[in-house]
Amino acid sequence: MSEIKATLISPSSNSLDLRELWQYRGLLRMFVWRDIKLRYKQTVLGLSWAVAQPLFTMIVFSLLFGALAKIPSEGIPYPLFSYSGLLAWTLFSGGLGRGASSLVTETSLVQKVYFPRIILPLSGVLSPLLDFAIAFVILIGLMIYFGYYPSAMMLFIIPLLLLQLLFTLGLSFWLSAINVEYRDIAQVIPFLIQLLLFASPVIYATSLVPARFHTAYMILNPMAGIIEGYRWAILGTERPDYLLGISALMIIAILVSGAIYFKHREKAFADVI
Amino acid sequence: MKIIEIESLGKKYRTGQIVSYKTVQDSLSSLWRKKEPMGIIWALKDISLSIEQGEVLGIIGANGAGKSTLLKILSKITYPTEGKAIVRGKASALLEVGAGFHPEFTGRENIYLNGTLLGMGKSEIAKKLESIVDFSGIGEYLDTPVKRYSSGMFVRLAFAVAAHLEPEILIIDEVLSVGDAQFQKKSLAKMESSAKEGRTVLFVSHNLAAVKSLCSRCVLLDKGKIVKEGSPNEVVAHYLSEAGQETFPKTVESNMGNDLLRINTVSLITTEPTARIGLSQPIIIEIAYEIIRYSQIKLNIVLFDQGENCLFGSMSNHDRPLPVGKYISTCIIPSNWLNEGRFRISVAGFGAQWTEPFRIHKALVFQTYDDGFTKDYFREYSGPFRPQLKWNTERGNN
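Residues numbered from 1 in each chain as written. Chains lettered and ligands numbered in written order. Predicted model: local features only at pLDDT ≥ 70, side-chain atom pairs only at ≥ 80, totals over all residues.

Asker: Describe the overall build of chain A, with residues and values.
Answerer: Within chain A, the regular secondary structure consists of 13 helices and one strand. Relative to the globule expectation of 19 Å for 273 residues, the C-alpha radius of gyration of chain A, 20 Å, shows essentially globular dimensions. With respect to the three principal axes, the spread of C-alpha positions in chain A is 65 × 45 × 40 Å. A total of 273 residues make up chain A; the buried ones form 42% of that total. Long-range pairs, those at least 24 residues apart, make up 79% of the contacts in chain A between residues at least 6 apart in sequence. (Helix = DSSP H or I, 4+ residues; strand = E, 2+ residues; numbered from the N terminus. Rg over C-alpha atoms; globule rule 2.2 N^0.38 Å. Buried ≥ 20, exposed ≤ 12 C-beta atoms within 10 Å, placed from the backbone. Contact = placed C-beta atoms within 7 Å.)

Asker: Tell me what's going on with the overall build of chain B, and back it up with residues and numbers.
Answerer: A count of helical and extended segments in chain B gives eight helices and 18 strands. When the 398 residues of chain B are sorted by exposure, 36% land in the buried category.

Asker: Run through the sheet that holds strand β1 (residues 2–14) of chain B, naming residues and quoting values.
Answerer: Sheet architecture is open: four strands sit in the order β1(A)-β4(B)-β1(B)-β2(B), paired in antiparallel fashion. Single-partner strands in this sheet number two, and they are β1 (6–9) of chain A together with β2 (40–52) of chain B. Taken pair by pair, the neighbouring strands of this sheet meet at an average axis angle of 15°, ignoring direction. Where β1 of chain A lies against strand β4 (residues 82–88) of chain B, four bridges are found, and the strand directions are antiparallel. Within β4 of chain B, the position partnered with Leu8 of chain A by the bridge is Ile86 of chain B. (Pairing = 2+ DSSP bridges. Axes fitted to C-alpha atoms, helices over the stretch in contact; angles between N-to-C directions.)

Asker: Any chance you could break down the domain arrangement of chain B for me, citing the residues and the numbers?
Answerer: Residue and element names in this part refer to chain B. When cut into domains, chain B gives domain 1 (2–22 + 32–244) and domain 2 (251–369). Look at where the C-alpha atoms of domain 1 and domain 2 centre, and you get two points 27 Å apart. Taken together, the contact pairs eight residues of domain 1 with six residues of domain 2. Those elements giving two or more residues to the side of domain 1 that touches domain 2 turn out to be α7 (208–214) and α8 (232–245). In terms of residue count, α8 provides more of the side of domain 1 that touches domain 2 than any other element does, three residues in total. (Domains from an automatic or database assignment.)

Asker: Hey, could you go over the interface of chain A and chain B for me, with residue numbers and the actual values?
Answerer: Quoted interface sizes are often the accessible area lost when the parts come together. Listed as interface residues are 28 residues of chain A and, on the opposing side, 37 residues of chain B. At the level of elements, β1, α2 (25–40), α5 (107–112) and α13 (269–272) of chain A are the ones that each hand at least two residues to the side of chain A that touches chain B. No other element matches the five residues that α2 of chain A contributes to the side of chain A that touches chain B. Looking at side-chain class alone, the side of chain A that touches chain B contains 15 nonpolar, four polar and nine charged residues. (Nonpolar A, V, L, I, M, F, W, Y, C, P; charged D, E, K, R; others polar.)

Asker: Residues and numbers for the pairing of strand β6 (residues 169–173) of chain B, please.
Answerer: Residue and element names in this part refer to chain B. Of all five residues in β6, five are buried; the element is thus mostly enclosed. Pairing of strand β5 (residues 91–94) with β6 involves four bridges; the strand directions are parallel. Paired with Leu94 across the bridge in β6 is Ile172. Where β6 and strand β7 (residues 200–204) come together, five bridges link them in parallel fashion.

Asker: How would you explain the packing of helix α8 (residues 157–181) of chain A against helix α11 (residues 223–235) of chain A if you had to name every residue and give the values?
Answerer: Residues and elements named next belong to chain A. At their nearest, the axes of α8 and α11 sit 10 Å apart, and the two run at 165° to each other. Overall, the two elements α8 and α11 adopt an arrangement that is roughly antiparallel. Once α8 is placed against α11, the crossing between them reads as left-handed. On the side of α8, the interface is formed by Ile157, Leu160, Leu163, Gln164 and Phe167, while α11 contributes Met223, Ile226, Gly229, Tyr230 and Ala233. A class-by-class count of the residues in the contact of α8 with α11 yields eight nonpolar, two polar and no charged. (Parallel < 35°, antiparallel > 145°, perpendicular 65-115°, else oblique. Left-handed = near helix turned anticlockwise from the far one by under 90°.)

Asker: Before we move on, could you go through the pairing of strand β15 (residues 310–315) of chain B and cite the residues and values that matter?
Answerer: Residues and elements named next belong to chain B. Where burial is concerned, little of β15 is hidden: zero out of the six residues are buried. As paired elements, strand β14 (residues 297–304) and β15 share five bridges and run antiparallel to each other. By the bridge assignment for β15, Ile301 is matched with Ser314. Counted along the chain from β14 to the antiparallel partner β15, the turn is five residues long, and its residue Glu308 has a positive phi close to 65°.

Asker: I'd like a description of the nonpolar core, backed by residues and values.
Answerer: Within soluble globular proteins, side chains that are nonpolar tend to cluster in buried spots. All names here are of chain B. One finds Ile59, Ile60, Leu74, Ala158, Ile171, Leu202 and Phe203 to be the most contacted residues of the largest nonpolar core, which totals 138 residues. Leave out the neighbours within four places in its chain, and Ala158 touches Val97, Gly98, Phe101 and Asn114. Formed by 29 residues, the second largest nonpolar core is a distinct cluster that contains Leu260, Ile263, Ile283 and Phe343. (Core = buried A, V, L, I, M, F, W, Y, C linked by C-beta atoms within 7 Å.)

Asker: Give me unusual backbone geometry: which residues, what numbers.
Answerer: Most peptide bonds are trans, and most residues other than glycine sit at a negative phi. Residues and elements named next belong to chain B. Despite not being glycine, Ser8 shows a phi value in the positive range, around 30°. Within the fold, Ser8 resides in strand β1. Positive phi outside glycine occurs at Lys76, with the angle close to 70°.

Asker: So what about the environment of Ala100 of chain A? Which residues, and what values?
Answerer: Residues and elements named next belong to chain A. Among the secondary structure elements, Ala100 is positioned in helix α4 (residues 78–105). Judged by the 28 C-beta atoms lying within 10 Å of it, Ala100 falls in the buried class. When the C-alpha positions of Ala100 and Gly124 are compared, they lie 7.9 Å apart, and in sequence the two are 24 residues distant.

Asker: Talk me through the environment of Gly58 of chain B; I want residue IDs and the actual numbers.
Answerer: Residues and elements named next belong to chain B. By the secondary structure assignment, Gly58 is in strand β3 (residues 56–60). The buried category is assigned to Gly58, around which 25 C-beta atoms lie within 10 Å. Sequence separation between Gly58 and Glu242 is 184 residues, and the spatial gap between their C-alpha atoms is 18 Å. Discounting chain neighbours no more than four positions away, the residues touching Gly58 are Phe203, Ser205, Val211, Cys215, Cys218 and Pro232.

Asker: Can you explain the sheet that holds strand β10 (residues 251–257) of chain B? Please cite residues and give values.
Answerer: Whether parallel or antiparallel, the strands of a sheet pair through hydrogen bonds between backbone atoms. Residues and elements named next belong to chain B. Taken in spatial order, the four strands make up an open sheet running β10-β11-β13-β16, and their pairing is antiparallel. With partners counted over all chains shown, the strands left at the sheet margins are β10 and β16 (325–333), one partner each. Adjacent strand axes in the sheet meet at a mean angle of 20° when their direction is disregarded. The pairing of β10 with strand β11 (residues 261–269) spans five bridges and is antiparallel. Bridged to Gly257 within β11 is Arg262.

Structure, rendered in C-alpha cells:
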C-alpha cells in the first residue's frame, strides 16, 4: 500500500494548495468543456456565435464611431482598429461575467461536493478562450483584407493574453466571493462591464485621453494598457511601455489580494451561499 | 489503524446565516439600526470519535441532530468552529446522488461529469463505463440527454456512478432512500460488498433496518452531541425507545416554498396539548400556506411509520388556480384506520405540471393511541394499520 495521506480538518483555513489544484486539473477541464458545450447546445449556428458578437459590434461601431463620429484611429482603418480592441474586450467581459457568478450558479455543488473552490472562477475565466481563438481567425482575415500582414510581433499576444487572464481571474476572485454573501454583485456585474467598455480604448485610442490622466486611467482600468498592447502587437501602433507597466502592477495587486480574500472567505461558502 | 480521528469537534451557526443571504443594503442598515440579537446554534458540539479501518459506522438521529453537518465537515465541504479531525486516506463523499448532473447532457457525458466530480480520473471512468451502464440498466439511453430520462432512470444512473467509486473511505448521506425497492436492494448489496473489501464506510440513514444490517458500529446523535455509541442493535433500540417518550408539537412551522407558494405551518387538529390523537378520531392534517403567484398548485403528503417505512402518499385534488393570498388545506386520514404508534408526515408542494417541487421531510410528527376502540383485546396489534374492516358472517349451507 502506498503512503497514506492524512488530511487535517480544523477551524483554520488552508493556504492555497497548488499541488491539490494540479490534482484536480481533470475537473477544471471538465467544467470548461461543460460550459462550452452547454453554450452551443441546441443552437443552429453553434460556434459561429463566437464570431457574431465581436463582428457585429465592430460593424455597428465602425458605422457609428468610425464613419459618423469620425473618431481618430491612429491611421488604422476603423473596422480593424475597433475589432482588435473588441477581440480582447469580448474575452474579458465573457470571462468576468462567468467567473464572477461561478460560485453562485453552482450552489448545489458548493453545498454537496468538495473540490478546491478556486476551480470555479478559474473555469469561468478560461471557458471563453475557444471563442477568442475563433474570433482571432477572423482578425487575421480582416488584417489581410486591409493590407496588414501578420508578423512575428503577434507572438507578443501570448504574454498579453496571459496578463489579461490573470486580471480577469483576480477580479473574479473578488467578485465571486463577495457574490456568495451579497447578491448585489449579480446586479453590478453587467453594469460594470458596460461601463468599463467605455472606459477602455476599444472605440477610441488612449492618445485621445490627455496625457496627464494616463496613469490614473491605467490604475482605474488595467484593461486599457492591455488593449493598447494588443494593438501594438497586431497593428504596430506605438509600444505602450509605461501604460502596460502600470496595468501589470495593478493586475498583480488585484490578483494577489483577490486570491487571499477568496481563500479567506472560502471556509464559509457552503454555509452562506 | 485509526483511519478517522475526531477530537472535540464543534460547529456553530448563527441563526439566519443558513436561512438567507444578505444584500449590501441589509448590512449597511444594520449599522445604524439596533442590532437584533443573533441566535447561535451549535449544530455539533464536543464530538469525539475514532473509526478503525474497515469499519462500517452508522450514524442515526432525528432531523437536525447534526448528522449531515458531521459528514459535511469530514468531507471538507464546510469547516468546524472548534476541534479537529484527522482523515487518513482518500475519502469520497456522497451527499447527494447525481451531483453535477446536467439535464442537457447525455447519460454518457453525465457519467464523466459526475465521475470526475467524485474524484475519478478519465481513464478510470472509461474503464468502468460498461460496468456502470450495466449496473444502472439504462442501456440504449446512454446517449440520450438526461432530461428525457424518467426520474427512476436518473437516480439509477447517478447511483451507479457512485457505486463504482473505490475510495478508502466512503461517506454516504441518506442516498439509499431513492429509487424503487429492487434498486435499493441492489445498492445495499453493493455497499455490503464494498465494506467486505475493507473499505471504511460512514453511513447516515433514517432506514434503521439498513443500519442494522450493514453497520458494524452505530452512533446516535441528538442535538449535536453523541448520546449513545455501540452495536447497531443496541443503539437503534435505544433510539426507538427514547423517541417513544418524546412529545411533538401540534403545529410545526416550516416556512419552506418556491416561487409559487410557501408552506407556513403544518398542524394536527387535536384536543390534546401535544401531537397525540386517539385512534377513534379522524386525523386532520392542516396545511397553512401562502400563494405568492396566481397559479395552480398541488400539495402532497406522505406518511411514514416509526421504522421509516413509507405507508402511503396522497395528492391534493382541487385543481383550480388560486389567486395570491393565504390558504388552508386539510387532508383527512379516516378514523379507526392507523394503528397505535408514531408517524411522520412529509409535505410537498408543486406547481402545475409538477414543476418547482419542494418537500418538507419532517413536516409533522404525531402519535396515535388507543382510546378504547377495541373493548376487550388489549394486546398489541401488528403492522402500521389497524383498520375497522367490514366483516360479514352468514350461516353456511349444510
